[in-house]
Amino acid sequence: MSTRTRSTPERLVRTIRRTLLTAIGVQLAVAIGMSVVDSYRRRGKKPRPFPTTPPRTVVIGDGTVTTYTFGKDLFDDMLAAIEGARRQILFETYIWKGDEIGERFKAALAAAADRGVEVYCIYDGFANLVVSPRFKRFPATMKVLRYPVYTAGLRFLDLRRYGRDHRKILVVDDAVGFVGGYNIGTPYETEWRDTHVRITGPGVWDLKRAFADFWNLNRRRRIRTSERPLLLETASTWEPRIRLHRNVPRLWMFPIRGMYLEAINRASRNVWMTCAYFIPDQDFVDAMKAAARRGVDVRLLVPHKSNHIVADWISRGYFSQLLDAGVRIFRFRDAMVHAKTSTVDGTWSTVGTANVDRLSLQGNYEINVEVIDEELAKTLEEIFSVDESNSLELTSGEWEARDLHRKFTEFVLAPLRPLL
């Protein structure tokens, strides 16, 4: 075989490699450039006030579920629960800022530990890289697990070991549990629109199990705690209308996506979904489109501008096919909506930590509560309507008339969808 014959496929391989690297480089450059420009534009800007719904409580079986849509209301009740704790506190968060609110939570947890309460805390190391090391020094009376920034060790090809701990849980004395989208920090007290729930009754035990399972799965990675696992007694009762779904990448378990798809596929009246970052897979999009085409009132509420501009642009790549199928899209104005909630047919609801994106549905540790109850669904529908009043509805005509450079940017960023 001649040198020329052998070099032809080699040149082809080099050309393909260079083309792919160039394409990836362009995508990353565009994404980084957009993020830098957006960060510059946001400097000094504060979100405007937005309408909220006061905490509302519904009775479900032998317990209750209370909804929160304003951070101050939630944080006041969480701190009150911590301050009233007598035996045990289980606290887990993704972001724990070292600001005024973060310090209040840290002080309340430390005070509880000082008076003899067992205090267990988990926070994600990567999400808090920018938090001061001083803040992350805790009293010896607290048991603290910092979920590591890098968890794969030498198993760097094992995708099960790359999920972040994106959960937000607080359980106090078997009596009350909190779960939802709120992180801990001053901006979330008044500037972000999010949704959390407070649970009492048998449903609290599922939250306790979720915390204990994560602690025991990861406890050998912590910096400073005892080696004993966190053991729980078995609850004698349970509430079948309240179920906790947990994504556990280490065990390759991702039930939250299936929960959503089953509910959407069963819908006959309405699907109202609020999502901070909407980057679904095509099967998820197809389920929403199919529901709209069979006459279901499908509505999607997302931020007009989120805190992650690249996620916004990638999300917009799905708008055309959703609008064409009859899905109504609303964009929340003037503040970041970070909620992860849905209601279906006035009966089914979910509130939790999982966004509708690959990182949440097929990557991170997440937890969502699923509730079958008409009163809670009605409450969440009313919350959705209040949010809708502060949103702009996107029409097909408006969307198709967008500038050419916007369409080009969406096209360039589309290959990044599997990463987000």
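Residues numbered from 1 in each chain as written. Predicted model: local features only at pLDDT ≥ 70, side-chain atom pairs only at ≥ 80, totals over all residues. Heavy atoms only, no water.

1. Overview of the side chain of Asn355
This is how it is decided: Counting from the N terminus, the helices are the DSSP runs of H or I reaching at least four residues and the strands are the DSSP runs of E reaching at least two. Remark: exposure states derive from per-residue accessible area (1.4 Å probe, protein chains only) relative to the maximum for the residue type, with buried under 20%, exposed over 50%, and partly exposed in between. For this analysis, residues touch if any pair of their heavy atoms sits within 4.5 Å.
Tracing the sequence through the fold places Asn355 in the loop between strand S17 (348-352) and strand S18 (356-357). On the accessibility criterion, Asn355 (3% relative accessible area) is buried. In this view, Asn355 contacts His166, Cys275, Ala276, Tyr277, Lys340, Ser360 and Leu361; residues no more than four positions away in its chain are not counted.

2. With respect to the UniProt feature "domain: PLD phosphodiesterase" (unreviewed entry) in the protein chain
The test is simple: UniProt positions are given in the numbering used here, feature names are shortened, and annotations may be inferred rather than shown by experiment.
Per the UniProt record, "domain: PLD phosphodiesterase" (unreviewed entry) is annotated on residues 161-188 and 333-360. End C-alpha atoms of residues 161-188 are separated by 29 Å, and the span's content is 7% helix alongside 32% strand. Between the C-alpha atoms that bound residues 333-360 there is a distance of 24 Å. The span itself is 11% helix and 50% strand.

3. Considerations on the pairing of strand S2 (residues 63-68)
Two faces, one strand: in a regular strand the side chains alternate between the faces of the sheet. Selection criterion: When DSSP finds at least two bridges between two strands, those strands are taken to pair.
With six of six residues buried, S2 is to be regarded as a mostly interior element. Along S2, one buried face is formed by Gly63, Val65 and Thr67 and the opposite face, lined by Thr64, Thr66 and Tyr68, is buried too. Sheet topology note: the strand S1 (residues 56-60)/S2 ladder contains five bridges and is antiparallel. Along S2, the bridge assignment pairs Val59 with Thr64.

4. Brief notes about the packing of helix H6 (residues 255-266) against helix H7 (residues 282-293)
Which entries qualify depends on this criterion: An axis is simply a line fitted to the C-alpha atoms; with a helix, the fit covers only the stretch in contact. Between two such axes, the angle follows the N-to-C directions and lies from 0 to 180 degrees. An angle below 35 degrees is read as roughly parallel, one above 145 as roughly antiparallel, one from 65 to 115 as roughly perpendicular, and any other as oblique. In this scheme the handedness of a crossing depends on how the near helix is turned from the far one: anticlockwise by less than a right angle means left-handed, clockwise means right-handed. Throughout this entry, Asp, Glu, Lys and Arg are counted as charged residues, while Ala, Val, Leu, Ile, Met, Phe, Trp, Tyr, Cys and Pro are counted as nonpolar. The remaining residues, Gly among them, count as polar.
At their nearest, the axes of H6 and H7 sit 9 Å apart, and the two run at 20° to each other. With respect to H7, the element H6 is oriented roughly parallel. By crossing handedness, the relation of H6 to H7 is classed as left-handed. Contacts between H6 and H7 pair Arg257, Tyr260, Leu261, Ile264 and Asn265 from the former with Asp283, Phe284, Ala287, Met288 and Ala291 from the latter. Grouping the constituent residues of the contact of H6 with H7 by class yields seven nonpolar, one polar and two charged.

5. Regarding unusual backbone geometry
Here the phi dihedral of Asp173 falls at roughly 55°; this positive angle occurs in a residue that is not glycine. Checked against the element boundaries, Asp173 lands in the loop between strand S6 (169-172) and strand S7 (176-180). Phi is positive for Asp174, close to 60°, though the residue is something other than glycine. By secondary structure assignment, the location of Asp174 is in the loop between S6 and S7.

6. So, the sheet that holds S7
Strand order in the open sheet formed by eight strands is S1-S2-S9-S7-S6-S3-S4-S5, and the pairing between neighbours is mixed. Looking along the sheet, the strands with just one partner apiece sit at the ends: S1 and strand S5 (143-147). Between one strand axis and the next, the sheet turns through 15° on average, direction left out of account. As judged from the six bridges shared by strand S3 (residues 88-93) and strand S4 (residues 118-124), these two strands associate in the parallel manner. If you follow Glu92 over to S4, its bridge partner there is Ile122. In this fold helix H5 (residues 203-218) packs onto S3, S4, S5, S6, S7 and strand S9 (196-200), with an angle of close to 65° to the strand it touches most, S4.

7. Some thoughts on helix H3 (residues 100-114)
Applicable threshold: To estimate how far a helix should reach, multiply one less than its number of residues by 1.5 Å. Polar contact criterion, stated in full: a pair of N or O atoms within 3.5 Å, where within protein one must be able to donate a hydrogen and the other to accept it, and residues adjacent in sequence count only if both atoms are side-chain atoms.
For H3, with 15 residues, the first-to-last C-alpha span of 21 Å sits near the 21 Å given by 1.5 Å per residue. Within H3, burial applies to Ile101, Gly102, Phe105, Lys106, Ala108, Leu109, Ala110, Ala112 and Ala113. Looking at the buried side of H3, the elements it contacts are helix H2 (71-83), S3, S4 and helix H4 (187-190). Between a side-chain oxygen at the N-terminus of H3 and the backbone nitrogen of Ile101 the separation is 3.3 Å; the capping residue is Asp99.

8. Regarding the pattern of salt bridges
The test is simple: By definition here, a salt bridge exists when the distance from a side-chain nitrogen of Lys or Arg to a carboxyl oxygen of Asp or Glu is within 4 Å.
Taken as a whole, this structure holds 23 salt bridges when the rule is applied. Measuring nitrogen to oxygen at the nearest pair gives 2.9 Å for the salt bridge that ties Glu370 to Arg243. Remark: Arg243 occurs in strand S10 (residues 242-247) and Glu370 occurs in strand S19 (residues 366-372); sequence separation between them is 127 residues. For Lys289, the salt bridge goes to Asp286, with nearest N and O atoms at 3.7 Å. Here Lys289 and its partner Asp286 are both found in helix H7, three residues apart, which amounts to about one turn of the helix.

9. Examining the sheet that holds S17
Spatially, the eight strands line up as an open sheet ordered S10-S19-S17-S16-S11-S13-S14-S20, and their pairing is mixed. The open sheet has two edge strands, S10 and strand S20 (391-394), and neither has a second partner. Sheet twist, expressed as the average angle between the axes of neighbouring strands with direction ignored, equals 15°. Direction of pairing for strand S14 (residues 328-332) relative to S20: antiparallel, over a ladder of four bridges. Looking at S20, one finds that Phe332 is bridged to Ser391. Set on the sheet, helix H11 (residues 374-388) makes contact with strand S11 (270-275), strand S13 (297-303), S14, strand S16 (340-344), S17, S19 and S20; between it and S11 the angle comes to about 60°.

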